[in-house]
Amino acid sequence: MGKISPITKDILKTLLGLGVVALGVTTPFFVVALLSLCFLDKYPKAKFRVSFSNLKKRGLVKITKRKGKTLILLTKKGTVKAKKIAIEDIFIKIPFHWDRKWRIVIFDVPESLRQVRDLLRLKLKQLGFYRLQGSVWIFPHNCLKEINLLREFFNLSPRRLILFTTNSIVNEDYFKKIFNLK
């Protein structure tokens, strides 16, 4: 798909967060104009319309009517793309002082979901986790919220993606050096 513009990212993330936008109006043009108001302070209305139109052409967004309401929703392809964008934006805020606890993440993602497994590994690495083994990662800071977001976005059950917190770990000095901790 190539590089994605900021407005396209914003539209996809907004629709992902809202789910389905349903309005009791008859014309899809009004719906798009109304949705563009959400971004008016950030993007010109014309630019929003062009970006939204491109999302429709690429099969990421669709407008449909049900029970007299006009619905704007992400397609399956659009949902996948929006989740990838949302995952790219996840980051862990590093506190000034370390709480002296270690977070261990383990996951068990089957071969049939290889792409999910690879994306999860990539994101853990981007977040600053250190790989202990193939699906065992360590991190020294609170990351419960971010792990829960990853679990939700990848649609993994709590038994497929597990976070442990521990006060000690063998070879702690080694890991302290990796994470530049005192």
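Residues numbered from 1 in each chain as written. Predicted model: local features only at pLDDT ≥ 70, side-chain atom pairs only at ≥ 80, totals over all residues. Heavy atoms only, no water.

(A) Layout of the side chain of R103. By secondary structure assignment, the location of R103 is in strand β4 (residues 102-107). Among the polar contacts made by the side chain of R103, one reaches the side chain of D99 at a distance of 2.6 Å. Among the polar contacts listed, one links the side chain of R103 to the backbone oxygen of K101, at a separation of 3.0 Å. (Helix = DSSP H or I, 4+ residues; strand = E, 2+ residues; numbered from the N terminus. Polar contact = N/O pair within 3.5 Å; in protein donor to acceptor, adjacent residues only side chain to side chain.)

(B) Examining the pairing of strand β5 (residues 130-133) more closely. With three bridges connecting them, β5 and strand β6 (residues 136-139) associate as antiparallel partners. Directly across from Q133, in β6, lies its bridge partner V136. Hairpin connection, β5 to β6: the antiparallel pair is bridged by two residues. (Pairing = 2+ DSSP bridges.)

(C) A look at the packing of aromatic side chains. Taken as a whole, this structure holds eight aromatic pairs when the rule is applied. Ring geometry for W98 versus W102: centroids 5.0 Å apart, planes at 65 degrees, classification edge-to-face. On the basis of relative accessible area, W98 is assigned to the buried category, the value being 15%. W102 sits in the buried class, given a relative accessible area of 0%. Taken together, the ring pairs in this structure connect W98, W102, F129, Y130, F139, Y174, F175 and F179 into an aromatic cluster. (Phe/Tyr/Trp six-rings, centres within 6.5 Å; stacked < 30°, edge-to-face > 60°. Buried < 20%, exposed > 50% of the residue type's maximum accessible area, 1.4 Å probe, protein only.)

(D) Layout of the nonpolar core. Residues L120, L124, F129, I147, L150 and L161 are the most contacted members of the largest nonpolar core, which totals 29 residues. Looking at this core, the elements that each hand over two or more residues are α4 (76-88), β4, α5 (114-127), β6 and α6 (144-153). Residues contacting I147, with those up to four places away along its chain left out, are V105, L124, F129, L161 and L163. Counting 15 residues, the second-largest nonpolar core is a separate cluster that includes L12, L15, F48 and F52. (Core = buried A, V, L, I, M, F, W, Y, C linked by side-chain atoms within 4.5 Å. Contact = heavy atoms within 4.5 Å.)

(E) Broad picture of the pattern of salt bridges. This model, assessed by the stated rule, comprises six salt bridges. In this structure, R114 engages E111 in a salt bridge whose closest nitrogen and oxygen atoms are separated by 2.8 Å. A network of salt bridges, in which partner residues are shared, links E111, R114 and R117. (Salt bridge = Lys/Arg side-chain N within 4 Å of Asp/Glu carboxyl O.)

(F) Layout of unusual backbone geometry. Located in the positive-phi region is R100, a residue other than glycine, with phi close to 65 degrees. Within the fold, R100 resides in the loop between α4 and β4. Using a relative accessible area of 46% as the deciding quantity, one classes R100 as partly exposed. Notably, N155 is not glycine yet its phi reads approximately 55 degrees, a positive angle.

(G) Examining the environment of N155 more closely. Position of N155 among the secondary structure elements: in the loop between α6 and β7 (161-166). On the accessibility criterion, N155 (68% relative accessible area) is exposed.

(H) Geometry of the sheet that holds β6. Taken together, the four strands give an open sheet; going across it, the order is β5-β6-β4-β7, and neighbouring strands pair in antiparallel fashion. Taken across any chain shown, the strands that pair with only one partner, and hence form the sheet edges, are β5 and β7. Direction aside, the axes of adjacent strands within the sheet are offset by 25 degrees on average. Strand direction decides the pairing type here: β4 and β7, joined by six bridges, are antiparallel. The partner of F107 across the bridge, within β7, is L161. (Axes fitted to C-alpha atoms, helices over the stretch in contact; angles between N-to-C directions.)

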